[in-house]
Amino acid sequence: MTTARMLRSDEPTARLPRPRYSYGALLATSQRVCWQLEDVIGGRSLDFTRPFMPESLARTADVEGLSADERLALNQIRGHGYLCTFGIVEEFIVPFVLDHVRPRLGEGDECVRALLQLAGEEAKHIHLFRIFADMFRAGFTTPCDVIGPAEEIGRAVLSHHPLSVALAILQIEWMTQRHYVDAVHDDDGVDPLFRRLLKHHWLEEAQHAKLDTLMVEALAAACYDDERERALDGYLDIGAFLDGGIAQQAEFDAVALERAIGRRLPDAQRKAMIDRQRQAMRWTYLGSGMTHPEFLGTVERCLGPAARARLEAVAPMFS
Ligand SMILES: [Fe+2]
Ligand SMILES: [Fe+2]
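Predicted model only: the values in this text are computed from it and were never measured.

Definitions and limits used
Residues numbered from 1 in each chain as written. Chains lettered and ligands numbered in written order. Predicted model: local features only at pLDDT ≥ 70, side-chain atom pairs only at ≥ 80, totals over all residues. Heavy atoms only, no water. Donors = N, O, S within 2.8 Å, 3.2 Å for Na, K, Ca; no water. Tetrahedral: all angles 85-135°; square planar, octahedral: opposite > 155°, others 65-115°. Helix = DSSP H or I, 4+ residues; strand = E, 2+ residues; numbered from the N terminus. Buried < 20%, exposed > 50% of the residue type's maximum accessible area, 1.4 Å probe, protein only. Core = buried A, V, L, I, M, F, W, Y, C linked by side-chain atoms within 4.5 Å. Contact = heavy atoms within 4.5 Å. Phe/Tyr/Trp six-rings, centres within 6.5 Å; stacked < 30°, edge-to-face > 60°.

Student: For this particular structure, what's the right way to read the coordination of the iron ion (ligand 2)?
Tutor: Six octahedral donors around a metal ideally subtend angles of 90 or 180 degrees, whereas four tetrahedral donors ideally subtend 109.5 degrees. Here the iron ion (ligand 2) is held by the protein donor atoms Glu 122 (OE), Glu 173 (OE), Glu 173 (OE), Glu 205 (OE), Glu 205 (OE) and His 208 (ND1), which lie 1.9 to 2.8 Å from it. Here the iron ion (ligand 2) binds 6 donor atoms, and the angle range of 51 to 153° at the metal identifies the geometry as irregular. Spacing between the donor residues of the iron ion (ligand 2) along the chain follows E-x50-E-x31-E-x2-H. The distance between the iron ion (ligand 2) and the iron ion (ligand 1) comes to 3.6 Å, and Glu 122 binds to both of them. Here His 208 lies in helix H9 (residues 192-221) and Glu 122 lies in helix H6 (residues 109-140), a separation of 86 residues in the sequence. By the burial criterion, Glu 122 is buried, and His 208 matches it.

Student: Just to check I follow, could you spell out the nonpolar core for this structure?
Tutor: One recurring pattern in soluble globular proteins: nonpolar side chains tend to sit buried together. Phe 132 and Phe 194 are the most contacted members of the largest nonpolar core, which totals 98 residues. In this structure Phe 194 touches Leu 46, Phe 52, Met 53, Gly 79, Tyr 82, Leu 83 and Phe 132, once residues within four positions along its chain are discounted.

Student: Mind showing me how you'd approach the packing of aromatic side chains here?
Tutor: Two measures describe an aromatic ring pair: the distance that separates the ring centres and the angle between the ring planes. Tallied over the full model, the rule gives 12 aromatic pairs. Geometrically, the ring pair formed by Phe 48 and Phe 136 is tilted, given 6.0 Å between the ring centres and 45° between the ring planes. Here Phe 48, found in the loop between helix H3 (37-40) and helix H4 (55-58), pairs with Phe 136, found in helix H6; they are 88 residues apart in sequence, far enough to count as distant. The class of Phe 48 is partly exposed, set by a relative accessible area of 25%. On the basis of relative accessibility, which here comes to 1%, the residue Phe 136 falls in the buried class. Aromatic pair Tyr 82 and Phe 194: ring centres 6.5 Å apart, planes at 55°, arrangement tilted.

Okay, here's the thing in structure tokens:
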């Protein structure tokens, strides 16, 4: 981005959308709702007699050819995948936000503190997800593979234009809101500790989603028109890359289930289960954010109505 600027004599078109949120108000809310790891865990442990993932995200309750116990094991494997997937995506959010805040150090105390608070909270979330993944491994007994390594995935994502990366992060932040509000709120069967994780994540991510909106707006305003036009391509490339990871994870989860239940599934049943689980993960990690009204609104304000229409055209693939 910097090199391209140095070669151009024109200035970015100032098309500043009116900021929808204030750094000061978001900082104050962040400080009020901020929690510690102990507030979430507090001596509790995972209950392996219960599902970990809400059914609207897991879609494991009606997988054909599995007993009730086997479906429960698949749901819990998906819970482990959720912990590890968030660990991975949050690892590229931290360096992105730190890179974003450095050139903005002169833009006011509230802006700098709010963005650094966000980065600190993401580092804490990574820690929380790791502790939960350790608790899972201690109780589940058979190994479950996950995609990675996180550094390599992060490098691939961060190689895109900052506006494309900021859009991907904004989508992730809004999807965490949906995961708790839409899915967990009404699902009484979910393990209480896993529900606490989703709730506490939701509490802090509510501010992140708004701060990310401000980041997207600031980056979009600093871009040339052609950079803005290409930003959605970059965002879709990141989505396609993550979708490839999801396909791999669905295969890993089938292997993990077979290990856990001690039998190989018949080929046709195995394939049907992997296809269904892949689609469930597409909704969990891509569709639930991509179709969030707040995300679509920001895309339309910052990139224009044609960009929003493109997104709405591809979203059904991830439903
Ligand atoms: Fe987070
Ligand atoms: Fe976040």
